[in-house]
Amino acid sequence: MTVHFIGAGPGAADLLTVRAVDLLRTSQVCLYAGTYLDDAVLAYCPTGATLIDTQKLNLDQIIEHLVAANAAGHDVARLCSGDPSIYSALAEQTERLDGASIPWDVTPGVPAYAAAAALLRAELTVPELVQSVVLTRAHARSTAMPESEVLTNFAKTRATLVLHLAITRIRDAVTDLLPDYGPDCPVAVVYRASQPHELVLRGTLTDIADQVDAADLRQAAVIIVGAALEPDRIARSHLYDPCRNRPV
């Protein structure tokens, strides 16, 4: 058997990759985070598959299910919200699987920030304005952030900033970002991008926290900060410059 860590994307069933769908259809066991997934994603699982919602399980309990599936010779689809490369607890789960000699592989998915950018119809890197995207999160009741990765350090880059797992600390985030980004810096909050109840809030660092409070958002939202959301001008990139290949 194999444990397939599968990027479930932002939650919409039609944003799964073809490989992800094929693996779901052939896995007898599926572990998923019910908080973030559209039920239509689970419809790809075969009839009679064992479906396990992990949102209230700890790591030991999750591993127990994976070990049991291995003992039964069943392939497992381990669905991760967004893409497994960020904030998926992939490393700690696969460490346990390696220790138990259980094979595993990874299938990428559409990351939440990409789905949010698509909904905003935004390119997060704009020529001559911003060419870097920082993916990070806030520290609340979760794992502590390394000292070098405090938000004020990232703010100094003025890159496009994508905050995960930070919606309940948006006022603290605004305080950290204001000195470098300024009060008029565009901000967007995207809740459940691609799902039926998706919601987009647009504003600035001055008013976005009030909008979040009014909408009573507490989870499943991505915060995007930066001038790329509302660029004053769009410069021509080198890739499409008609002079690029002219002889000097």
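Every chain is numbered independently, its residues counted from 1 as its sequence is written. Under the rules for a predicted model, residues below a pLDDT of 70 receive no local features and side-chain atom pairs below 80 are neither given nor counted, while totals for whole chains, interfaces and linings still include all residues. The side-chain quantities take in all heavy atoms of the structure and omit both hydrogens and water.

As annotated in an unreviewed UniProt entry, the chain is Precorrin-4 C(11)-methyltransferase from Antrihabitans cavernicola. Taken verbatim from the UniProt record of the chain, the Sequence similarities (unreviewed entry) comment is "Belongs to the precorrin methyltransferase family." UniProt positions are given in the numbering used here, feature names are shortened, and annotations may be inferred rather than shown by experiment. Checking UniProt for the chain, the heading Pathway (unreviewed entry) contains the comment "Cofactor biosynthesis; adenosylcobalamin biosynthesis."

*Asks:* Can you lay out the pairing of strand β4 (residues 76-80) for me, pointing to particular residues and giving the numbers?
*Replies:* Within β4, five of the five residues are buried, which leaves it mostly tucked inside the rest of the structure. Relative accessibility thresholds used throughout: buried, under 20% of the residue-type maximum; exposed, over 50%; partly exposed, between the two (1.4 Å probe, protein chains only). Every helix listed is a DSSP run of H or I at least four residues long, and every strand listed is a run of E at least two residues long, numbered separately from the N terminus. Here β4 shows no split at all, with Val76, Arg78 and Cys80 on one side and Ala77 and Leu79 on the other all buried. We call two strands paired when DSSP finds no fewer than two bridges between them. Relative to β4, strand β1 (residues 3-7) runs parallel, the two being bridged by five bridges. If you follow isoleucine 6 over to β4, its bridge partner there is leucine 79. Sheet analysis places strand β2 (residues 29-32) next to β4, joined by three bridges and oriented parallel. Residue pairing across strands places leucine 31 opposite arginine 78, the latter belonging to β4.

*Asks:* Could you give me a rundown of the sheet that holds β4, with the residues and numbers involved?
*Replies:* With parallel pairing, five strands are arranged side by side in an open sheet as β3-β2-β4-β1-β5. The sheet is open, and its two borders are formed by β3 (50-53) and β5 (104-107), each paired with just one other strand. Going across the sheet, the axis of each strand differs from the next one's by a mean of 20°, ignoring polarity. Where β1 lies against β5, four bridges are found, and the strand directions are parallel. Among the inter-strand pairings, histidine 4 is bridged to a residue of β5, identified as aspartate 105. Seen against the sheet, helix α3 (residues 59-72) touches β1, β2, β3 and β4 and runs at an angle of roughly 165° to β2. Comment: axis = line fitted to C-alpha atoms, over the contacting stretch for helices; angle = value between 0 and 180 degrees taken between N-to-C directions. Only heavy atoms enter the contact rule, under which two residues are in contact if any of them lie within 4.5 Å.

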